[in-house]
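Per-entry structural report
Residues per chain, in single letters:
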Amino acid sequence: MNALTATNRYFKQAVRLLGLDSKLERSLLIPFREIKVECTIPRDDGSLASFVGFRVQHDNARGPMKGGIRYHPEVDPDEVNALAQLMTWKTAIANIPYGGAKGGIGCNPRELSTSELERLTRVFTQKIHDLIGVHTDVPAPDMGTNAQTMAWILDEYSKFHGYSPAIVTGKPVDLGGSLGRDAATGRGVVYAIEALLKDNGKSVSDQTYVIQGFGNVGSWTARLLFEKGGKIKAVNDVTGGVMNNAGLDIAALLKHVEQTGGVKGFTGGDAVDGNTILFIECDVLIPAALGGVLNKENATEVKAKYVIEAANHPTDPDADEILSQKGIIVLPDVYANGGGVTVSYFEWVQNIQGFMWDEEKVNEELKKYMERAYRDLKENCKSRECNFRMGAFTLGINRVARATLLRGWEA
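Please read all numbers here as calculations on a predicted model, not as lab measurements.

Rules used throughout
Residues numbered from 1 in each chain as written. Predicted model: local features only at pLDDT ≥ 70, side-chain atom pairs only at ≥ 80, totals over all residues. Heavy atoms only, no water. UniProt positions renumbered as here; feature names shortened; annotations may be inferred. Helix = DSSP H or I, 4+ residues; strand = E, 2+ residues; numbered from the N terminus. Contact = heavy atoms within 4.5 Å. Pairing = 2+ DSSP bridges. Axes fitted to C-alpha atoms, helices over the stretch in contact; angles between N-to-C directions. Parallel < 35°, antiparallel > 145°, perpendicular 65-115°, else oblique. Nonpolar A, V, L, I, M, F, W, Y, C, P; charged D, E, K, R; others polar. Buried < 20%, exposed > 50% of the residue type's maximum accessible area, 1.4 Å probe, protein only. Arc of directions from axis to C-beta.

1. What about the UniProt feature "active site" (unreviewed entry) in the protein?
- According to UniProt, the "active site" (unreviewed entry) feature falls on Lys 102.
- Note on placement: Lys 102 falls in strand S4 (residues 99–106).
- Lys 102 has contacts with Arg 55, Val 56, Gly 68, Arg 70, Val 80, Leu 83, Ala 84 and Asp 142, leaving out every residue within four places of it along the chain.

Laid out in structure tokens, this is it:
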């Protein structure tokens, strides 16, 4: 099931639980604006190449729209729409004053040189500069883009509007990026796990973990859990998987990955097939890679007590129901991986104030926001008698609906 179908299914369930008016429901679902632009650039060999860039701005009832820009060959408009909508609910759940957006360019960044990527980013920014803004829509990095991409957007945008560091987040620290942003999503996942375990009378150090995916989010999650005494039984990435029932030495694994570019060949454990990692017996399973990895075909094989969604949309709605029937508690992505956008918000705040925080303050504030969001989520689940996913969706949608009604949407 694709991301849009799944998101819409959750949205409809949540709207029924909330008892929202059908006109308001339509208004919340339809994006505020969809932008599509042609980006033509000279290639290094002198030939011309054209790419399609777009931005979906979903909702601005609670504040400026916020979301990533991805460079990927298959940028599917449906998926971007779903991700923009998810950002609206995610920022509302975290209770930060943003709406949702998402965008990107249909290109393969690996086939473009650095100077071609720079030209492409600048052309794209020229085409949308009057439709984004510090108080309108604030982009961030996503798949295939990074801090350097944000630096180019900042520079190009500033040519039209004067120096505006708050136009993008996820920038290099030298250009007003926030300390702690790199680890933010993984750190947020760990704070979410701590809140959930504490609520159930447990602690990080007495649980076992399996992490699927060892990119930015997976590796930071592993590192921080390991530092807190958690036993990580298995991890994997695109190169392969590694398992050790006594617990992996994550510090050594990180060194190995840095030297070899992947988990494969790590001597501190046994090699495991990457696809079977989701079904290893553990307390906490953390999918931190791609979407749709847990589906109705394989969800019955999950042997964890908790599933923490560090990736976007790793669990299909059908799998969600199966896990629920098995009594497995799922902490949904719209809450669990909200650390990234929360620290993006801190970066934006620092840029607007022109006053930068130290890393300790960033992490302290992040902890506060993740814990507060967990309490709100838990209370909402109690009062509506639903699971965490419906609790999160109803919490987020209700906040956006209230803001929409207060602003007077029918006028």
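2. Observations regarding the sheet that holds S4
- Spatially, S1-S2-S4-S3-S5 is the arrangement adopted by the 5 strands of the open sheet, whose pairing is mixed. Of all the strands in the sheet, just strand S1 (33–42) and strand S5 (137–141) have a single pairing partner and so form its edges. If you compare each strand with its neighbour and ignore which way they point, the axes differ by 20° on average.
- Two elements, S1 and strand S2 (residues 48–57), share 10 bridges in a ladder whose sense is antiparallel. Paired with Ile 35 across the two strands is Arg 55, which belongs to S2.

3. Re the packing of helix H7 (residues 216–227) against helix H8 (residues 250–260)
- The interhelical angle for the contact between H7 and H8, taken along N-to-C directions, is 150°, at an axis separation of 9 Å. For the element pair H7 / H8, the angle class is roughly antiparallel. Taking contact as the criterion, the partners of Ser 219, Ala 222, Arg 223 and Phe 226 in H7 are, on H8, Ile 250, Ala 251 and Leu 254.
- A breakdown of the residues in the contact of H7 with H8 according to their chemical character gives 5 nonpolar, 1 polar and 1 charged.

4. Examining the UniProt feature "binding site: NAD(+)" (unreviewed entry) in the protein
- Under the UniProt annotation, the feature "binding site: NAD(+)" (unreviewed entry) is placed at Thr 185 and Asn 216. These annotated residues cover 32 residues of sequence, but their C-alpha atoms sit close together, with the largest distance between any two at 8.4 Å.
- Mapped onto the elements of the fold, Thr 185 is located in helix H6 (residues 184–199).
- Given a relative accessible area of 14%, Thr 185 falls into the buried group.
- Those residues in contact with Thr 185 that sit more than four places away from it in its chain are Val 217, Asn 337, Gly 339 and Gly 340.

5. Considerations on the packing of helix H1 (residues 3–18) against helix H9 (residues 317–325)
- Put simply, H1 and H9 touch, their axes get as near as 10 Å, and they point 55° apart. Compared by their axis directions, H1 and H9 come out oblique. Listed contacts from H9 to Ala 6, Arg 9 and Tyr 10 of H1 are Pro 317, Asp 318, Asp 320 and Glu 321.
- Grouping the constituent residues of the contact of H1 with H9 by class yields 3 nonpolar, no polar and 4 charged.

6. Looking at helix H2 (residues 22–29)
- Turning to H2, its buried residues are Leu 24, Glu 25 and Leu 28. Taken around the axis of H2, the buried residues stretch over an arc of 105°, which confines them to a single face. Residues of H2 that are exposed and angled more than 90 degrees away from the buried face: Ser 22, Lys 23 and Arg 26.
- Contacts from the buried residues of H2 go to H1, helix H3 (77–93) and helix H13 (388–407).

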